[in-house]
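Tertiary structure, described
If you want the building blocks of each chain, they are given just below.
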Amino acid sequence: MVALSLKICVRQCNVVKTMQFEPSTAVYDACRIIRERVPEAQTGQALDFGLFLSDEDPRKGIWLEAGRTLDYYMLRNGDILEYKKKQRPQKIRMLDGAAKMIMVDDSKTVGELLVTICSRIGITNYEEYSLIRETVEEKKEEPTGTLKKDRTLL
């Protein structure tokens, strides 16, 4: 079996190392190997970190699941994986307007996050709630029109 050459970016200190892995290596074992061989990756608890396969579109990256193998993700030589913390603070605004800061695991699905968030806040009926992204609406000073095909303004 041919070794897989991957670029590992340790996100917290922006160190990039090229490492060889067997394609059949479990993601969990790959993280362990990274921690053993890259001194910059040895901070914090091992379980708080994971491998993230980013995309040109920042909304399309995926976290590699610890129980899967590297070949499951069809990685190619030269692909870049980020070794980074899965936990981050998230500001949650409640229905009454109060805001709470909660640590969330970025590698979880939104459904799993909702269970975690509700349990930390003390909400037992999490299936009745959802998460929405709060956006700041910009005020339009003048109404804008739409240009039709014949170049007239609607």
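The structure contained in this document is the topic of the report that follows. Residue positions are given per chain, counted from 1 along the sequence in the order it is written. Per-residue local features of the predicted model are confined to residues with pLDDT of at least 70, and side-chain atom pairs are confined, for both listing and counting, to 80 or more; whole-chain, interface and lining totals are unaffected and use all residues. Based on all heavy atoms of the structure, the side-chain values leave hydrogens and waters out of the count.

**As for the overall build of the chain**
Per the convention used, a helix needs a DSSP run of H or I reaching at least four residues, while a strand needs a run of E reaching at least two, with both numbered from the N terminus. Helix and strand counts for the chain stand at two helices and seven strands. Looking at the chain residue by residue over its 154 residues, the buried ones come to 29%. When contacts within the chain are restricted to residue pairs at least 6 apart in sequence, those whose partners lie at least 24 apart make up 43%. Surface accessibility follows the Shrake-Rupley procedure with a 1.4 Å probe radius. Residue values consider only the protein chains on display as shielding. Approximately 11,600 Å² of the chain is accessible, and the part contributed by carbon and sulfur atoms is 50%. Note on exposure labels: buried denotes an accessible area under 20% of the residue type's maximum, exposed denotes more than 50%, and partly exposed covers the range between, all computed with a 1.4 Å probe on protein chains only. Every residue pair with non-hydrogen atoms within 4.5 Å of one another is taken to be in contact.

**Topic: the side chain of Thr 25**
Position of Thr 25 relative to the elements: it lies in the loop between strand E2 (15-21) and helix H1 (27-37). Residue class for Thr 25 comes out buried when judged on its relative accessible area of 14%.

**Points about the environment of Met 74**
For Met 74, the position within the fold is in the loop between strand E4 (62-63) and strand E5 (80-85). Residue classification places Met 74 among the exposed positions, given a relative accessible area of 68%. A sequence separation of 51 residues divides Met 74 from Pro 23, and the C-alpha atoms of the two residues are 8.9 Å apart.

**So, the environment of Ile 34**
In this fold, Ile 34 is placed in helix H1. When near neighbours in sequence (up to four residues on either side) are disregarded, Ile 34 contacts Ile 8, Met 19, Phe 21, Ala 41, Leu 51 and Tyr 83.

**Details of the sheet that holds strand E3 (residues 49-53)**
The sheet built from five strands is open, its strands ordered E2-E1-E5-E3-E4 with mixed pairing. Where the open sheet ends on each side, the last strands, each with one partner, are E2 and E4. Between the N-to-C directions of two axes lies an angle of 0 to 180 degrees, each axis being a line fitted to C-alpha atoms and, for a helix, fitted only over the stretch in contact. Against the sheet, H1 makes contact with strand E1 (4-10), E2, E3 and E5, and its axis sits at roughly 125 degrees relative to E2, the strand it touches most. A strand pair is defined by DSSP finding two or more bridges across the two strands.

Worth remembering: the numbers are spatial, not functional.
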